[in-house]
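Spelled out from the first residue to the last, the chains are:
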Amino acid sequence: MTINNERVYVRGLKDVAAAQTRISFVDPLGALYYSGYDIDRLVGRVCYEEVVHLLLNNKLPNQRELDDTKTLLTSEMKIPKQIVKSLKRAPANAHPVEILRTEMSHLGEYDPHPNDDSESTNKKRALSLIAKVPTIVANYHRIREKQEILRPKKEYGFAENFLYLFRGKVADKEEIESMDRFMILHADHGLNASTFAGRVTASTLSDMYSAVTSAIGTLRGRLHGGASERVMNMLVDVNSPEEVEAYIQGMLFDGKKIMGFGHRVYLRGDPRARHLRKVGKSLCERTGKMALYRKARGIQAVVHREKKIYPNVDFYAAIVLNALGVPSKFFAPFFASSRITGWTAHIIEQYSDSVLIRPTSTYIGAYGTKFVPIERRV
Ligand code: COA
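Please read all numbers here as calculations on a predicted model, not as lab measurements. (Residues numbered from 1 in each chain as written. Predicted model: local features only at pLDDT ≥ 70, side-chain atom pairs only at ≥ 80, totals over all residues. Heavy atoms only, no water.)

Engineer: Help me understand the pattern of salt bridges, please; the structure alone is not making it clear to me.
Structural biologist: Between side chains of opposite charge, pairing is possible as soon as their charged atoms come close. Evaluated as defined, the whole model comprises 16 salt bridges. A salt bridge links Glu98 to Arg220; the shortest N-O distance between them is 3.1 Å. Taken together, the residues Glu98 in helix α5 (residues 96-107) and Arg220 in the loop between α10 (208-218) and α11 (227-237) connect sequence positions 122 residues apart. Given a relative accessible area of 31%, Arg220 falls into the partly exposed group. For the salt bridge of Arg125 with Asp111, the shortest nitrogen-to-oxygen distance reads 2.7 Å. In this pair, Arg125 is assigned in helix α6 (residues 119-144) and Asp111 in the loop between α5 and α6, connecting sequence segments 14 residues apart. On the basis of relative accessibility, which here comes to 9%, the residue Arg125 falls in the buried class. Linked through salt bridges whose partners overlap, the residues forming this network are Asp172, Glu174 and Arg286. (Salt bridge = Lys/Arg side-chain N within 4 Å of Asp/Glu carboxyl O. Helix = DSSP H or I, 4+ residues; strand = E, 2+ residues; numbered from the N terminus. Buried < 20%, exposed > 50% of the residue type's maximum accessible area, 1.4 Å probe, protein only.)

Take a look at the structure:
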């Protein structure tokens, strides 16, 4: 920390609290709470739709509220035909995060009540976005693969519908449960980079689509949502579990960061990674991908031994998504398809605080520089 111009500069805003929230708490000692509930108590006991209701309303739903949330989410999965057309015109080799970022902005043009920024309309808008992001992701994938675009089924749960729209086949019970857990574990995570970006935009009282577009923009970076795609590249690069040691030692020797490891807040490991490791192991066992899982375990052991750091959510998310048949370029869009719940909850919370987020900077440039006319500049 340096003090300059009588201002405190904290590099990367590390440990600076830039908002007050009731939505989630990231405990450095290795726990994550959603509206007061430890995720260890929620995973395996609730479905993703219950978490959606919890994060948006700060309370778990009763049966009627859950039924309503489920019905609404399924009915809101349909996207405007202009968005489908735009997806069809998009380059087939674009990064899916770029497509999602563009279409989120585009979706704002079709809001039925663009001038209504009441909290009740914003909650409906949030549910609509929570439903539509997975559809945009799935539709773009189907279009890229030159496959038919599918419609969600009323009788399916949300995670089940997402897998169905994306892969075009009926998922079995374990796949649905795995996807549901993946979505629950990615639903929110305090003031991470994307949520902060969304809150900054919302703090200008800009609209929800603009705020979510800002949030999606941060996922293009490899230090945030882009890490899991690179984890997969690394797992493919390492030929066998036996090669792990030399591969990781080589990367560390070259001063490279190992993707999917380390965390700004957690000091003793990321609780989401513990859950996803179990889900990933089980999926790898049944899909004949145990070599992949063993490579991951080997990497975890070497990185921990050498750097004393733990895997974060992105490490085992890569294993889970790969075993579910999701191509690595779509890993970050799958993250976004769940984190949209947290983003919209935080955006609504930010509106209720209505304070402009506008920090300052410490100036480290020159003073009193002598002006030189253009014809004399070298
Ligand atoms: N591989 C190797 N070393 C790592 C590392 C990694 N993934 N993550 C942190 N470190 C080391 C750093 O080199 C640094 O060591 P040093 O003090 O000897 O220089 C120390 O741990 C602190 O790292 P730093 O990058 O300063 O921490 P941060 O809080 O700024 O960054 C992350 C947190 C997540 C950005 C960082 O751990 C990282 O880049 N991880 C890889 C990307 C990733 O998985 N992102 C997803 C996050 S959920």
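Additional details are given in the paragraphs that follow.
Engineer: So what exactly am I meant to see when it comes to the nonpolar core here?
Structural biologist: Soluble globular proteins: nonpolar side chains tend toward being buried together. One finds Tyr34, Met179, Phe182, Val212, Ile299 and Phe334 to be the most contacted residues of the largest nonpolar core, which totals 109 residues. Excluding residues that lie within four positions of it along the chain, Val212 makes contacts with Met104, Leu129, Ile340, Trp343, Thr344 and Ile347. (Core = buried A, V, L, I, M, F, W, Y, C linked by side-chain atoms within 4.5 Å. Contact = heavy atoms within 4.5 Å.)

Engineer: Explanation requested: the packing of helix α9 (residues 193-203) against α10 in the structure shown.
Structural biologist: The packing of two helices is summarised by the inter-axis angle and the distance between the axes. Closest axis-to-axis distance for the α9/α10 pair is 7 Å, and the angle between their directions is 150°. The orientation of α9 with respect to α10, classified from their angle, is roughly antiparallel. In the packing of α9 onto α10, the handedness of the crossing is right-handed. Residues Ala193, Ser194, Ala197, Gly198, Thr201 and Ala202 of α9 form the contact with α10, whose own contacting residues are Ser210, Ala211, Ser214, Ala215 and Thr218. In terms of residue class, the contact of α9 with α10 is made up of five nonpolar, six polar and no charged. (Axes fitted to C-alpha atoms, helices over the stretch in contact; angles between N-to-C directions. Parallel < 35°, antiparallel > 145°, perpendicular 65-115°, else oblique. Left-handed = near helix turned anticlockwise from the far one by under 90°. Nonpolar A, V, L, I, M, F, W, Y, C, P; charged D, E, K, R; others polar.)

Engineer: Please explain the domain arrangement of the protein chain as it appears in this structure.
Structural biologist: Interfaces are often sized by the accessible area lost when the parts come together. Along its sequence, the protein chain is carved into domain 1 (11-221 + 330-353) and domain 2 (227-323). Measuring from the centre of the C-alpha atoms in domain 1 to the corresponding centre in domain 2 gives 25 Å. Each partner contributes to the interface: domain 1 provides 26 residues, whereas domain 2 provides 26 residues. Together, the buried faces of domain 1 and domain 2 total about 2300 Å²; carbon and sulfur atoms form 62% of this surface. We note a salt bridge from Asp172 to Arg286, for which the minimum N-O separation is 2.6 Å. Counting the contacts that link domain 1 with domain 2 gives ten residue pairs in polar contact (both at pLDDT 80 or more). (Domains from an automatic or database assignment. Buried area = accessible area lost by both parts, 1.4 Å probe. Polar contact = N/O pair within 3.5 Å; in protein donor to acceptor, adjacent residues only side chain to side chain.)

Engineer: What am I meant to see in the side chain of Arg167 here?
Structural biologist: By the secondary structure assignment, Arg167 is in helix α7 (residues 158-167). Among the polar contacts listed, one links the side chain of Arg167 to the backbone oxygen of Leu324, at a separation of 2.9 Å.

Engineer: Just checking my understanding: could you explain the site of the ligand for this structure?
Structural biologist: Of all residues adjacent to the ligand, which total 15 residues, the nearest are Lys257, Ile258, Gly260, Phe261 and Arg264. The contact in question runs from an oxygen atom of the ligand to an N or O atom on the backbone of Gly260, over 2.8 Å. Here the ligand has 840 Å² of accessible area as a free molecule, and 65% of this is covered by the chains. (Near = heavy atom within 4 Å. Areas by Shrake-Rupley, 256 points an atom, 1.4 Å probe, with all protein chains shown as cover.)

Engineer: Honestly, helix α13 (residues 271-287) in this entry has me stumped. Any pointers?
Structural biologist: An α-helix turns once every 3.6 residues. As a result, residues three or four positions apart point the same way. With 17 residues, α13 extends 25 Å between its outermost C-alpha atoms, agreeing within 8% with the 24 Å of an ideal straight helix rising 1.5 Å per residue. For α13, the complete set of buried residues consists of Pro271, Arg272, Ala273, His275, Leu276, Val279, Gly280, Leu283 and Cys284. Residues of α13 that are buried in the fold lie against β4 (31-34), α1 (39-42), α8 (173-186), α14 (290-307), α15 (313-323) and α16 (331-353). Of the residues flanking the end of α13, it is Gly288, one or two places downstream, whose phi is positive at about 70°. (Expected span 1.5 Å × (residues − 1).)

Engineer: Would you take a moment to explain unusual backbone geometry for this structure?
Structural biologist: With glycine set apart, most residues show a phi of negative sign, and most peptide bonds adopt trans. Of note, the phi angle at Leu205 is positive, near 65°, even though the residue is not glycine. Turning to its location among the elements, Leu205 is positioned in the loop between α9 and α10. Located in the positive-phi region is Lys308, a residue other than glycine, with phi close to 60°. Looking at the secondary structure, you find Lys308 in the loop between α14 and α15. Overall, the relative accessible area of 56% leaves Lys308 in the exposed class.

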